[in-house]
Amino acid sequence: QVQLVESGGGLVQPGGSLKLSCAASGSILNIFSVLLLDWYRQAPGEQRELVARITSGGSTNYADSVKGRFTISRTNAKRTVYLQMNALKPEDTAVYYCKANTPGGNVYWGRGTQVTVSL
């Protein structure tokens, strides 16, 4: 059984920061270091979109809408992937999900954490 558990969401004012974490447990623990890890988000009435990606080698990619504001990172020893979000905007409001992709093509999703950016 594989679990991905996101945490760190909440309510923040525009311009503020949050750091999301996603901790893995279960059968992917032994291969965590080779996982391709993603953060997605889904706003109400919108499709789920890829926000950031980090490879097993540490290479990163970002959606244009978050470049320069968000940073994805991973700590393999803790089996955790992070998303540091700075200069948050109301349009960043969404449920944020982490996703793990194995070399064999299996995909696992967390249940999400709510981020709300509002005065």
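Residues numbered from 1 in each chain as written. Predicted model: local features only at pLDDT ≥ 70, side-chain atom pairs only at ≥ 80, totals over all residues. Heavy atoms only, no water.

Draft legend 1. Structural context of the nonpolar core. Of all hydrophobic cores here, the largest spans 29 residues; its most connected members are Trp39, Phe70, Val81, Leu83, Met85 and Tyr96. Of all the secondary-structure elements, those providing two or more residues to this core are β1 (2-7), β3 (18-26), β4 (36-42), β5 (49-54), β7 (70-75), β8 (80-85), β9 (94-101) and β11 (113-117). Apart from residues no more than four positions distant in its own chain, Phe70 is found in contact with Arg41, Val51, Tyr62, Leu83, Gln84, Met85, Asn86, Leu88, Asp92 and Tyr96. (Core = buried A, V, L, I, M, F, W, Y, C linked by side-chain atoms within 4.5 Å. Buried < 20%, exposed > 50% of the residue type's maximum accessible area, 1.4 Å probe, protein only. Helix = DSSP H or I, 4+ residues; strand = E, 2+ residues; numbered from the N terminus. Contact = heavy atoms within 4.5 Å.)

Draft legend 2. Molecular detail of the side chain of Thr80. The topology assignment puts Thr80 in strand β8. A polar atom in the side chain of Thr80 sits 2.8 Å from the backbone oxygen of Lys78. Thr80 has contacts with Ser21, Cys22, Ala23, Phe32, Ser73, Arg74 and Thr75, leaving out every residue within four places of it along the chain. (Polar contact = N/O pair within 3.5 Å; in protein donor to acceptor, adjacent residues only side chain to side chain.)

Draft legend 3. Here's a closer look at the pairing of β9. In terms of burial, β9 is a largely internal element, 7 of the 8 residues being buried. For β9 and β11, the ladder comprises 3 bridges, and the chain directions are antiparallel. Paired with Ala94 across the bridge in β11 is Val115. Across 3 bridges, the pairing between β9 and strand β10 (residues 107-109) is antiparallel. Residue pairing across strands places Lys99 opposite Trp109, the latter belonging to β10. (Pairing = 2+ DSSP bridges.)

In short, geometric facts, not functional conclusions.
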